[in-house]
Amino acid sequence: MDQKLERKIPLNLGLVAHVDAGKTTLSEALLYCSGTRRVLGRVDHRDAYLDTHDLERARGITIFSKQARMETGNFALTLVDTPGHMDFSAEAERTLPILDCAVLVISGTDGIQAHTVTLWRLLQRYQVPTFLFINKMDLPGADREEVLAQLRREFGEGCLDFGAGPEEIAEGAAMCDEALLENYLETGIVTEANLRGLIENRKVFPCCFGSALKLTGVEEFLQVLDTYAPRKSYSQEFAARVYKISRDPQGSRLTWLKITGGSLKVRGLLSYQDRQGESYEEKAAQLRLYSGDKFVTPEEIAGGALAAVTGLTQTYAGQALGVEPGGLDPALEPVMTYRVGLPKGSDPAVVMPKLKLLEEEVPELHLLWERGEIHVQIMGQVQLEIFRSLVSQRFGLDITLEDRRIVYMETIEAPVEGIGHFEPLRHYAECHLLLEPLPRGSGIYYDTVCSTDVLDINYQRTIIAQLEQKVHRGVLVGAPITDMRITLLVGKAHVKHTEGGDFRQAAYRAVRQGLMKAKSILLEPWYDFVLTVPGDQIGRAITDIRMMGGEITPPETVEGTAVLKGTVPASEVGDYAQQVASYTQGTGRLQLSLRGYAPCHNQEEVVAQLAYDPEGDLDNPPDSVFCAHGAGFTVKWNEVEDYMHLESGFGEKKEPEIITRHVESDERELEKIMEREFGPMTTKLYRPPVNRAATEQVVIRPLKERCLIVDGYNIIFAWDELARQAREDLDAARRALCDAMTSFAGYTKQRVILVFDGYQQPGNPGEKTRLHNIQVVYTKEGETADQYIEALAAEIGSNYSVRVATSDGLVQLSSFRSGVLRMSARELREEVDRANQEMRQHFHK
């Protein structure tokens, strides 16, 4: 069969549906009717061909997207079955960009559900040609005309019944396109090619009716697909899109991708960049074409193929390879975050690398390390239970998920200019950014209007690239910002002292300073809901929704049943679906689909409850650093305009003020000008010397010795190569970091103290050792690395020039405000790499 498939046109067909619409049953029917399977599997018998995971079979739902290979008259078809439950809709969304067309399965008895609308919007977002199969038409209450009318009301007149006569189909199709209508009126003909073009351009959506369980209408549907599915062509230049990462039963990492141009051979070399922009060149060790849980291993795959590739270590879902253009950011993201509770005696630093393996496969988990704790984002209760089961199966850990919180976002109400200046000794950068609000759902866009005469294009690219790498936090509750355009207005570099990292600091501070000045809006996730209750319960239902802060459209009543539609804040829903089932004695139903983010219905209450201190968030400082008299000093965010070196790039520019003064200007006035330009002066302006006592001595203080304190586990998890090593052997990762710090300390002639968390190790007394030329500290039970670092920095800060290397956003070091500087994991990586390069150059010389 594989040789036959290779000679046919490749087609990737996805099945998407609301849960319980019969999607997996339809996949079984398609495989059976096409001759691919001799036995008809069933979900309730736990022998469905594409529900291969034991969790799927136990629950009777699809959790992971799977594929099967089959053939029709014209196509070598890869059938992709996706999850239907709303909690796993992000998994379904990841497959949409690699589909040539999709089948949206709808229950003939239930009609369009809330999640069906979400799927329709996603298919529209990714411009996927769509066929509709209306299933369960054998059940009582299924009305063909009623469902078709509903489809046309909700999805448009392009929903055509392809079970009707040819003339009716032709007339309906002609009404969907002006040019075709004109030709149809002249000739009375609509060709198969005409219909195929309309379907490919999402102007016509063929509707077929049947019963997958009874195999009614399935063969007719296959014929419609074979006749009207789009025929894709592919260029000769290599391109591919990654849509999934998984691991096989032996633990091999699989990169699932679609070849969208050229071909890929076994042992073929792939060049790509990981999420952090690091470049990799790796060989495709093995190519696998899966069908269910079985696969073949061809030597080469060409355009249109969906394959799993081994040998690639840093790929990620959504990644574009070769000349494939970048794609859209995911539309569906979790709305809840939880703290991961570990079994007694488990070390979070050991568990985190293991959970990172799951995050590769389920990117929406968004694992976060906060103050020695692990946090995870979850779509809903079912995904929560599945996540716990997966962690138990894969790693033998019985975890809990606690402290449920809503995932908020922040935006701004009006445009504002943000200014960032970073000028410690021998560093310099200043940039001005314009922050502008965008419509809801726009995300973040970055741009520049800065002239290259003002700032070199390479510095401008550096600023934009570094802005794109960071998740910028708002100032209301510290939530990520969204729906903004951030534009570089002007910037300034120093010929000698500016480095790339300086503009990173200036740009990040500019964003933060702008947010501090702006009027911010807190956004929360909202659901679209459809609430069906008996007519005599409509009063309670309306009261409940209004108490939640929801909005309701006028209710509909059909045969004694009331249907309420509207929107409701996700934070207020909780277990309301169970409450509905309870107070309606099982006859009521609540359907939810994520609408998106909108202004928080109780912003003041949330802000007060979370009590976020934007100026105390040391990972996102709003203040700037200026230099005077050989030392850097901090200027508060609301005073930066008085010290900035560039004229504002926003709004009306002031005409330069021309000042004429006599040489004998008042010295006090000159001092004020100098203080305004360069900060508070520790020494007065030069004046003629006065007589000093012969015994008076002038003391010249030596420069302080430098000391670097490194948050060990934080750096290990932040450096990709150490994080990968930690997954296999945490001790080896610790040793590698110690070796790197030893070399760095020796070359840079500074004291290095490496601190590791030991606070969750029962009975751990702590340990302090000297390893070659650095000190290594393991904190005692009950003491976090953050606490130890804070105390140490406060103790030695007056005698040393102290820097602390960490990317932990919750490190609260009061000593930072008294001269201790903080550097991120990326900045430490850059300094270590630079030192290694200089050592190599010195060795070669």
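Caption draft 1: Region of the structure containing the overall build of the protein. Counting its secondary structure elements, the protein contains 24 helices and 39 strands. Whereas a compact globule of 845 residues would reach a radius of gyration of roughly 28 Å, the protein reaches 32 Å, a difference of no more than 12%. The C-alpha extent of the protein, read off along each of the three principal axes, is 115 × 60 × 60 Å. Within the protein, the proportion of its 845 residues that are buried is 51%. Long-range pairs, those at least 24 residues apart, make up 71% of the contacts in the protein between residues at least 6 apart in sequence. For the protein, the computed accessible surface area is about 41,100 Å², with 49% contributed by carbon and sulfur atoms. Charge centroids of the protein, computed over 93 positive and 123 negative side chains, lie 5 Å from each other.

Caption draft 2: Geometry of the packing of aromatic side chains. Applying the stated rule across the entire model yields 16 aromatic pairs. The interplanar angle of 50° and the centroid separation of 5.2 Å between the aromatic rings of Phe 133 and Phe 221 together place this pair among those described as tilted. Here Phe 133 is found in strand S5 (residues 130-135), whereas its partner Phe 221 is found in helix H10 (residues 218-228), with 88 residues between them in sequence. The pair formed by Phe 133 and Phe 221 is uniform in burial state, with each residue classed as buried. One aromatic cluster is present, built from ring pairs that chain together Trp 369, Tyr 713, Phe 717, Phe 756 and Tyr 778. Arg 202 extends its terminal NZ or CZ atom over the ring of Trp 120, reaching a point 5.3 Å from the ring centre. If you follow Lys 470 out to its NZ or CZ, it ends over the ring of Tyr 508, 5.1 Å from the centre.

Caption draft 3: Structural detail: the sheet that holds strand S38 (residues 800-805). As summarised here, the arrangement of the six strands in space is S36-S37-S35-S34-S38-S39, forming an open sheet in which the pairing is mixed. Only two strands of the sheet have a single partner each, and these edge strands are strand S36 (767-771) and strand S39 (821-823). Neighbour-to-neighbour, the strand axes of the sheet open up by a mean angle of 20°, direction not taken into account. With respect to the sheet, helix H22 (residues 730-748) is in contact with strand S34 (705-711), strand S35 (751-756), S36 and strand S37 (774-778), its orientation differing from that of S35 by roughly 165°. Across the sheet, helix H23 (residues 785-796) is in contact with S34, S35, S36, S37 and S38; its angle to S34 comes to roughly 170°.

Caption draft 4: Layout of the confidence of the model for the protein. Mean pLDDT over the protein stands at 86; residues scoring 70 or higher make up 90%. Contacts from residues 652-667, a stretch scored under 50 in pLDDT, to residues over four places away or in other chains number seven contacts. Taken together, the stretch residues 681-701 has pLDDT below 50 and engages in twelve contacts with residues farther than four places along the chain or on a different chain.

Caption draft 5: Layout of the pairing of S36. As paired elements, S36 and S37 share five bridges and run antiparallel to each other. Paired with Glu 767 across the bridge in S37 is Tyr 778. Here S36 folds back onto S37, and the loop between the two strands holds two residues, one of which, His 772, carries a positive phi near 55°.

Caption draft 6: Representation of helix H8 (residues 178-187) in the model. If you check the start of H8, you find a side-chain oxygen 3.2 Å away from the backbone N of Ala 179, and it comes from Asp 177. One or two residues past the end of H8 sits Gly 188, with phi positive at roughly 75°.

Caption draft 7: Inspection of the pattern of salt bridges at higher detail. By the definition in use, this model includes 37 salt bridges. Arg 94 is the salt-bridge partner of Glu 91, the closest N and O atoms lying 2.7 Å from each other. You can see Glu 91 and its partner Arg 94 sitting in helix H4 (residues 89-95), three residues apart, about one turn around the helix. With its nearest N and O atoms 4.0 Å apart, the salt bridge here joins Arg 196 to Glu 192. Separated by four residues within a single helix, Arg 196 and Glu 192 lie in helix H9 (residues 192-200), roughly one turn from each other. Each member of the salt-bridge network shares a partner with another, and the members are Arg 247, Arg 253, Glu 360, Glu 361, Arg 394 and Arg 727.

Caption draft 8: Structural context of the sheet that holds strand S20 (residues 373-378). Strand order across the open sheet formed by four strands is S19-S20-S18-S21, with antiparallel pairing between neighbours. Edge positions in the sheet fall to strand S19 (368-370) and strand S21 (400-406), since each of these pairs with one other strand and no more. The average undirected angle you get between the axes of adjacent strands in this sheet is 35°. Sheet topology note: the strand S18 (residues 336-341)/S21 ladder contains five bridges and is antiparallel. In the strand pairing of S21, Met 336 is matched with Ile 406.

What counts, and where the lines are drawn
- Here, residues in each chain are numbered from 1, in the same order as that chain's written sequence.
- Side-chain atom pairs in this predicted model are given and counted only at pLDDT of 80 or more, local residue features only at pLDDT of at least 70, and totals for whole chains, interfaces and linings cover all residues.
- For the side-chain quantities, the full set of heavy atoms in the structure was used; hydrogens and water were omitted.
- Secondary structure elements are defined from DSSP: runs of H or I of at least 4 residues count as helices, runs of E of at least 2 residues count as strands, and each element is numbered from the N terminus.
- Throughout, radius of gyration means the C-alpha value; the globule benchmark is 2.2 Å times the number of residues raised to the power 0.38.
- Here's how the labels work: a residue is buried when its accessible area is under 20% of the maximum for its type, exposed when over 50%, partly exposed in between, all with a 1.4 Å probe on protein chains only.
- The criterion used for residue contact is that any of the two residues' heavy atoms lie within 4.5 Å.
- Computed by Shrake-Rupley with a 1.4 Å probe, the accessible areas treat only the displayed protein chains as cover when residues are assessed.
- Positive residues here are Lys and Arg, negative ones are Asp and Glu, while His and the chain termini are left out of the count.
- To locate a charge, take NZ of a lysine, CZ of an arginine, CG of an aspartate or CD of a glutamate.
- Two aromatic rings from Phe, Tyr or Trp, using only the six-membered ring of Trp, form a pair when their centres are within 6.5 Å; if the ring planes differ by under 30 degrees the pair is stacked, by over 60 it is edge-to-face, and anything between is tilted.
- Charge over a ring is defined by NZ of Lys or CZ of Arg lying within 6 Å of the ring centre and within 35 degrees of the ring normal.
- At least two DSSP bridges between two strands are required for those strands to pair.
- The axes are straight lines fitted to the C-alpha atoms, using for helices just the contacting stretch, and the angles between their N-to-C directions are given from 0 to 180°.
- pLDDT is a residue-level measure of predictor confidence that goes from 0 to 100.
- Polar contacts, as used here, are pairs of N or O atoms within 3.5 Å; protein pairs need one atom able to donate a hydrogen and one able to accept it. Residues neighboring in sequence count only if both atoms are side-chain atoms.
- Any Lys or Arg side-chain nitrogen located within 4 Å of an Asp or Glu carboxyl oxygen qualifies as a salt bridge.

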